[in-house]
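Residues per chain, in single letters:
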Amino acid sequence: MPSSSSPLLKVDRLAKSFGGVRALDGIDFALAPGELVGLIGPNGSGKTTAFNIVTGVLKPSSGRILFEGAEVTGNRPETNAALGMARTFQNIRLFNDLPVIDNVMVGLHRKRGPGFLATVLGLPAARRSEAAIRVRATEVLGILGLKKRAGERVGSLPYGDQRKVEFARALASEPTLLLLDEPTAGMNPYETADLGATIERLHRELGITTLLVEHDMKMVMGICQRLVVINQGRMLAEGTPAEIRADARVVEAYLGHGRKGRHAVG
Ligand SMILES: Nc1ncnc2c1ncn2[C@@H]1O[C@H](COP(=O)(O)OP(=O)(O)OP(=O)(O)O)[C@@H](O)[C@H]1O
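Note that the coordinates shown come from a computational prediction; the quantities given were computed from them, not determined experimentally.

Colleague: It is not clear to me how the overall build of the chain should be interpreted in this structure. Could you clarify?
Modeller: Looking only at helices and strands, the chain features ten helices and ten strands. Counting only residues that meet the buried cut, the chain has 37% of its 266 residues in that class. For the chain, the share of sequence-separated contacts (at least 6 apart) that also reach a separation of at least 24 residues comes to 66%.

Below you can see the structure in the form of structure tokens.
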């Protein structure tokens, strides 16, 4: 375990090229244990690429990712998940025809289940473990205010609640690092505000270190302790929401992209 002063996650001189496109060029940032940090930047600035490299979906061209002090660069996503990273996706990935509870239980099976085959065959250890997993999944649904919907088909839930189920699945694995990829994508302003409040509350209550990639400036500025701003694959600024709001380079980068409304920094 890291000491309180050593970062939980360190992104070190990260670079990534896709053919001739230099998507990332020297990205450096770190998350201290317990921090809620927003990774922001205009469209095409490289946020998703950075996120995908941290989680292991993409390999960097150069640079390193350190998690709990150990190098995890180039690890497969499943390896990183087993180490304690849990993520949500930009596009919801749930099993629409399955009940809410089953979708959350998937997150727990990934972490410590007895194995798919043992579960299917209903072997005794698997059955006991299955019961424990169901209890834990129900607890997590309770934290997110979704306990009453546990038995409903997840596809029948409103969009905002489906996002919360994804969130519950990530939390169920008891991650050390929670990575949220544009969780408010496709949400209306009410759902966005509600999810922002949920992320902030869970962070406060559970203290999970969280990296949030998000377009909605109002939400990000409202809940994050610190922001990392990238532009055209490079570091642009880092600081508290108040510092970022007052940073002329950030305002310029967003105005240069014609950002208005929910994307405006001011
Ligand atoms: N698989 C790929 N192949 C080629 N170019 C890519 C690929 N993925 C991303 N890019 C390019 O890399 C740059 C960064 O893209 P990325 O999606 O990481 O930005 P972003 O900040 O997440 O954008 P958005 O806010 O629109 O989601 C862009 O120029 C994009 O076109």
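Colleague: Honestly, the domain arrangement of the chain in this entry has me stumped. Any pointers?
Modeller: For interface size, the figure often reported is the accessible area lost on association. Entries for the chain in the domain assignment read domain 1 (1-84 + 175-266) and domain 2 (94-174). Taken together, the ten residues of domain 1 in the interface contact nine residues of domain 2. Grouping the amino acids of the side of domain 1 that touches domain 2 by side-chain chemistry returns six nonpolar, two polar and two charged.

Colleague: What is the right way to read the sheet that holds strand 6 (residues 85-88) from this model?
Modeller: Paired through backbone hydrogen bonds, the strands of a sheet run either parallel or antiparallel to each other. Read across the open sheet, the six strands follow the order 6-7-8-3-9-10; overall the sheet is mixed. Because the sheet does not close on itself, it has two edges, and the strands there are strand 6 and strand 10 (234-239). Direction aside, neighbouring strands of the sheet carry axes that sit 15° apart on average. The pairing of strand 6 with strand 7 (residues 177-181) spans four bridges and is parallel. Along strand 7, the bridge assignment pairs A86 with L178.

Colleague: Is there a simple way to think about the site of the ligand in this case?
Modeller: Around the ligand, a shell composed of F18, V21, A23, G41, N43, G44, S45, G46, K47, T48 and T49 is seen. If one sorts the elements of the shell around the ligand by residue count, helix 1 (residues 47-55) sits on top with three residues. Of the residues that constitute the shell around the ligand, the class distribution is three nonpolar, seven polar and one charged.

Colleague: What am I meant to see in the environment of K10 here?
Modeller: Looking at the secondary structure, you find K10 in strand 1 (residues 9-18). Counting along the chain gives 145 residues from K10 to G155, while the straight-line C-alpha distance between them is 37 Å. With sequence-adjacent residues up to four places away left out, K10 is seen in contact with A30 and L66.

Colleague: So what exactly am I meant to see when it comes to the packing of helix 6 (residues 159-172) against helix 7 (residues 189-206) here?
Modeller: Pairs of packed helices are described in terms of their axes, by the angle between the two and the distance that separates them. Between helix 6 and helix 7, the least distance of the axes is 10 Å, while the angle of their chain directions is 25°. As summarised for this structure, helix 6 and helix 7 are arranged roughly parallel, according to the angle between their axes. For helix 6 against helix 7, the interelement crossing comes out right-handed. Note on element contacts: helix 7 touches helix 6 through E191, D194, L195 and T198, opposite Y159, G160, R163 and K164.

Colleague: What is the right way to read the nonpolar core from this model?
Modeller: One broad trend across soluble globular proteins is that nonpolar side chains are buried collectively. In this structure, V104, A137, A168 and L212 are the most contacted members of the largest nonpolar core, which totals 63 residues. Considering every element that reaches this core, the biggest residue donor is helix 6, with six residues. Taken domain by domain, this core gets at least three of its residues from each of domain 1 (1-84 + 175-266) and domain 2 (94-174). Excluding anything up to four places from it in sequence, A137 contacts I101, V104, M105, L108 and A172.

Rules used throughout
Residues numbered from 1 in each chain as written. Predicted model: local features only at pLDDT ≥ 70, side-chain atom pairs only at ≥ 80, totals over all residues. Helix = DSSP H or I, 4+ residues; strand = E, 2+ residues; numbered from the N terminus. Buried ≥ 20, exposed ≤ 12 C-beta atoms within 10 Å, placed from the backbone. Contact = placed C-beta atoms within 7 Å. Domains from an automatic or database assignment. Nonpolar A, V, L, I, M, F, W, Y, C, P; charged D, E, K, R; others polar. Pairing = 2+ DSSP bridges. Axes fitted to C-alpha atoms, helices over the stretch in contact; angles between N-to-C directions. Near = placed C-beta within 6 Å. Parallel < 35°, antiparallel > 145°, perpendicular 65-115°, else oblique. Left-handed = near helix turned anticlockwise from the far one by under 90°. Core = buried A, V, L, I, M, F, W, Y, C linked by C-beta atoms within 7 Å.

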